[in-house]
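In case you want the letters, here they are:
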Amino acid sequence: MTDTSLPTVPAPAIPGPANLPAWNRQQHSAMPSHRYRDVYARVEVPLIERDWPSKKLTSAPLWVPVDLRDGNQALAEPMDPARKRRFFELMVAMGYKEIEVGYPSASQTDYDFVRLIAETDIAPDDVTIVVFTPARRDLIQRTVESIRGIRNHVVIHMYTATAPAWRNTVLMQERDELQQLILAGGRDVLESAGHLPNVRFEFSPEVFNLTEPDYVLDVCNAMTELWGAAPDRPVILNLPATVEVATPNVYADQIEYMHKNLARRDAVILSVHPHNDRGTGIACAELAVLAGAQRVEGCIFGNGERTGNVDLATLALNLHAQGVDPMIDFSDIDAIRRTVEHCNRIEVHPRHPYVGDLVHTAFSGTHQDAIKKGFAEHRARAARENRGEAEIAWAVPYLPIDPADIGRSYDAVIRVNSQSGKGGIAYLLETEYGIELPRRLQIDFARQVQRHADATGGEMTAAALRQIFDAAYLAVPAEQSPAAPTRTAVELVDASTTGQRTRITIQANGRKSTTSHDGIGPIEALVAALSHNGAGIEILSLHQTSIGTGSDSEALTLIEYRNEQGTGWAGGRDRSVLSASLNAVMLAATCSTRGESTASCA
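These figures come from a predicted structure and were not determined experimentally.

A word on the overall build of the chain
Counting secondary structure elements, the chain contains 17 helices and 14 strands. When burial is assessed residue by residue, the chain has 50% of its 602 residues classed as buried. The long-range share in the chain, meaning contacts at least 24 apart out of those at least 6 apart in sequence, stands at 67%. Working note: accessible area of the chain is about 28600 Å², and carbon and sulfur atoms make up 49% of it.

Rendered as structure tokens:
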């Protein structure tokens, strides 16, 4: 049972800073924020001549999903072999060309999965396999053993934490001691795998973003020298924001500093691995690429320790939304989501960017109206240009990309609840049932729907909207007034001198009468006959449409009318267009005899 009680912590009564403007009445919180230091007090942030703020994202970096290693170690239930294989095959199908597949020295499952790649053909020749190891000789040897026989290109990824808190508290090493430990690990990697022509090396100074700039630069330069980095066999230097601690611009400054000061820069692939502790992992990655990064590690939907690794799907589709090819295929994003959810045993949030169930859905009336008009403009522009709707530039309000680009239909773009407006309601009726509502009827029908939504408090489906519509504008009252007219016959005949003649027979107040009308159409004739029988109405507008398609379609006529009480709407339906129109007029007259100003008199 959900606890809906209010927090027990009392609101603080501590005045805010004296320099706050008068309109800002916020007070100090009860939280001990003084216990924490900002990033500038924890690490030197190099002050450089920044180039990244003026740059633009024009191409995709090399994406490297780490779901099978970093993502997997963050799961409550790590993936079994079948799930790891399914996830790997998904990433291959999507077009990833470099995939970190595991930590083979840490678990038998990871070791066996690397051996599966070596002994089968599940990895296409153009996919590079990445394996992860700490800088320990025995674990490096176990890692190299796991890749034996793999025909693909392989990257051995060695890491060591370098930030002061990790050096002093976890590793108990001084700066020089730790650098020697890292270089010893690098020599072990070189000794074990340097002779393998298909193997390259990667080094991560873990917690790079909290490591002194001069120290991490020295360590990285020492590693590229040790491993003989060259343009034809480059070394990957991966600079993680292992625990996100600053605004994204700080990470960009740190990456640009490395980009501009690294030795052998043309022999280095500069990589980043942002986490999402502050919720700005996406921005960190994007600004890091502007700052010189060429490669981005992350997880497809952002799974990872704490708040996760950077989300590769969001990064890629952000590029797509800017007109840049992300070089990865997300054209069936729901199938991708189902696989990732199955493998991770974690559901994707319905508001998750691009992939969530509700990200292309509008409930708000103003949003719905703009989207409805945007779709109409899009269709009209495609027709004018004589091109397909999927070929022309996308400019529909509130939808950053066309849902069809990622395999989504437009069925759930607009959904209706108590916050919705006439545009969304009309859109659903039109897309689901082909019922096109005139603008003034949209306003009237929105009031009908609002009453139902307020009463139920829930979402209104298209079927529910149709039921409300039929009851409001098409239903004949269950209890008829004695004065209510009943049309018993409409006869069209030719008159030699007056043209068309229409005979209308109506029964009302217990008597039947027939009137003839020359030179006017049957709808006008019926209105005149009703007036003769005391049920006068004035037709203000008439709109005809159809429900359904092909031989099963029905005509629907909607009329706006005026009677003594005011204006109202009524509808009629039939296989015949004329009969549908006559039915609408008769329903309007029936409601008028009941003293109703709208057709909702059932």
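Re the environment of His-349
Looking at the element boundaries, His-349 is found in the loop between helix H11 (333-344) and helix H12 (365-385). Between the C-alpha atom of His-349 and that of Val-359, which follows or precedes it by 10 residues, the distance is 9.9 Å. At 2.9 Å, the side chain of His-349 forms a polar contact with the backbone nitrogen of Arg-351.

Structural notes on the sheet that holds strand E13 (residues 554-563)
Spatial ordering of the open sheet is given by E12-E13-E14, a layout of 3 strands whose pairing is antiparallel. Each edge of the open sheet is held by one strand with a lone partner, namely strand E12 (538-547) and strand E14 (566-574). Pairs of neighbouring strands in the sheet enclose a mean axial angle of 20°, with direction left out of account. The pairing of E13 with E14 spans 9 bridges and is classified as antiparallel. Counterpart to Thr-557 in the pairing with E14 is Gly-572. Strand contacts of helix H15 (residues 462-473): E12, E13 and E14, with the helix running at about 110° to E14, the strand carrying the most contacts.

Comments concerning the sheet that holds strand E7 (residues 268-274)
Judged by pairing direction, the sheet is parallel, and its 8 strands sit side by side in the order E1-E8-E7-E6-E5-E4-E3-E2 without closing on themselves. Whereas interior strands pair on both sides, the edge strands pair on one side only; in this sheet they are strand E1 (62-65) and strand E2 (98-102). Mean inter-strand twist for the sheet, computed between neighbouring axes without regard to direction, equals 25°. Bridging between strand E4 (residues 154-161) and strand E5 (residues 199-206) involves 8 bridges; their strand directions are parallel. Along E5, the bridge assignment pairs Met-158 with Phe-203. Packing of helix H3 (residues 108-119) onto the sheet brings it into contact with E2 and strand E3 (128-134), and relative to E2 it is tilted by some 135°. Along the sheet face, helix H6 (residues 175-193) touches E4 and E5 and points at about 165° away from the line of E4.

A few points about the nonpolar core
Counting 94 residues, the largest nonpolar core has Phe-88, Tyr-96, Val-101, Ile-255, Ile-300 and Phe-330 as its most contacted members. Ranked by residues supplied to this core, first place goes to helix H7 (residues 213-226) with 7 residues. If we ignore the near neighbours within four places in the chain, the residues touching Ile-300 are Asp-67, Phe-87, Met-91, Met-94, Tyr-96, Asp-311, Leu-312, Ala-313, Phe-330, Ile-336 and Val-340. Ranked by size, the runner-up nonpolar core spans 22 residues in total, among them Leu-429, Ile-435, Phe-469 and Trp-569.

Section: the environment of Glu-554
Examined against the element boundaries, Glu-554 turns out to sit in strand E13. Here the alpha-carbon distance between Glu-554 and Arg-575, two residues 21 residues apart in the chain, equals 4.7 Å. The contacts of Glu-554, once residues within four sequence positions are left out, are Thr-545, Ser-546, Ile-547, Arg-573, Asp-574 and Arg-575. Here Arg-573 takes part through its side chain, which lies 2.4 Å from a polar atom of the side chain of Glu-554.

Concerning the UniProt feature "binding site: Mg(2+)" (unreviewed entry) in the chain
UniProt's entry tags Asp-70, His-273, His-275 and Asn-309 with the feature "binding site: Mg(2+)" (unreviewed entry), counted in the numbering of this structure. These annotated residues cover 240 residues of sequence, and their C-alpha atoms all fall within 10.8 Å of one another, placing them together at a single site. With respect to the helices and strands, Asp-70 occurs in helix H1 (residues 67-73). In this structure Asp-70 comes out as buried when scored by relative accessible area, which is 4%. Asp-70 has contacts with His-273, His-275 and Asn-309, leaving out every residue within four places of it along the chain. With respect to the helices and strands, the residue His-273 is situated in strand E7. For His-273, a relative accessible area of 4% puts it in the buried group. Ignoring any residue separated from it by four or fewer positions in sequence, one finds His-273 in contact with Val-66, Arg-69, Asp-70, Asn-238, Leu-239, Pro-240, Ala-241, Tyr-251, Glu-297 and Asn-309. For His-273, the side chain forms a polar contact with the side chain of Glu-297, separated by 2.7 Å.

Observations regarding the pairing of strand E8 (residues 295-298)
Within a regular beta strand, the side chains point alternately toward one face of the sheet and then the other, so they alternate between its two faces. Burial along E8 is two-sided: the residues Arg-295 and Glu-297 and Val-296 and Gly-298 are all buried. Note that E1 and E8 share 4 bridges and pair parallel. Within E8, the residue paired with Leu-62 across the bridge is Arg-295. Two strands pair when backbone bridges link them, and E7 and E8 are joined in this way by 2 bridges, in the parallel orientation. From the neighbouring strand, Val-272 faces E8, where its bridge partner is Val-296. Once the chain exits E7 it traverses helix H9 (residues 281-290) before rejoining the sheet at E8, and the crossover so formed is right-handed.

Let's talk about the environment of Arg-115
Among the secondary structure elements, Arg-115 is positioned in helix H3. Every residue in contact with Arg-115, bar those within four places of it in the chain, is listed here: Glu-145, Ser-146, Ile-147 and Arg-148. Engagement of the side chain of Arg-115 in a polar contact is seen with the backbone oxygen of Ser-146, the distance being 2.9 Å.

A few points about the pattern of salt bridges
Evaluation of the coordinates by the stated rule reveals 30 salt bridges. Two residues, Asp-70 and Arg-69, come together in a salt bridge whose shortest N-O distance is 3.9 Å. As far as burial versus exposure is concerned, Asp-70 and Arg-69 are alike and both buried. With a shortest N-O distance of 2.8 Å, Asp-110 and Lys-84 are connected by a salt bridge. A residue pair is termed long-range when its members are at least 10 positions apart, and Asp-110 in helix H3 and Lys-84 in helix H2 (residues 81-94) qualify at 26 residues. Classification of Asp-110 as buried rests on a relative accessible area of 6%. The class for Lys-84 is buried, based on a relative accessible area of 0%.

A look at the packing of helix H4 (residues 137-146) against H6
It is the contact of H4 with H6, at a shortest axis distance of 10 Å, that shows an interaxial angle of 30°. Taken together, the axis directions place H4 and H6 in an arrangement best described as roughly parallel. With respect to the hand of their crossing, H4 and H6 are arranged in right-handed fashion. Each of Arg-137, Ile-140, Gln-141 and Val-144 in H4 lies in contact with H6, whose residues at this interface are Gly-185, Asp-188, Val-189, Glu-191, Ser-192 and Ala-193.

Rules used throughout
Residues numbered from 1 in each chain as written. Predicted model: local features only at pLDDT ≥ 70, side-chain atom pairs only at ≥ 80, totals over all residues. Heavy atoms only, no water. Helix = DSSP H or I, 4+ residues; strand = E, 2+ residues; numbered from the N terminus. Buried < 20%, exposed > 50% of the residue type's maximum accessible area, 1.4 Å probe, protein only. Contact = heavy atoms within 4.5 Å. Areas by Shrake-Rupley, 256 points an atom, 1.4 Å probe, with all protein chains shown as cover. Polar contact = N/O pair within 3.5 Å; in protein donor to acceptor, adjacent residues only side chain to side chain. Pairing = 2+ DSSP bridges. Axes fitted to C-alpha atoms, helices over the stretch in contact; angles between N-to-C directions. Core = buried A, V, L, I, M, F, W, Y, C linked by side-chain atoms within 4.5 Å. UniProt positions renumbered as here; feature names shortened; annotations may be inferred. Right-handed = clockwise from strand over helix to strand, strands pointing away. Salt bridge = Lys/Arg side-chain N within 4 Å of Asp/Glu carboxyl O. Parallel < 35°, antiparallel > 145°, perpendicular 65-115°, else oblique. Left-handed = near helix turned anticlockwise from the far one by under 90°.

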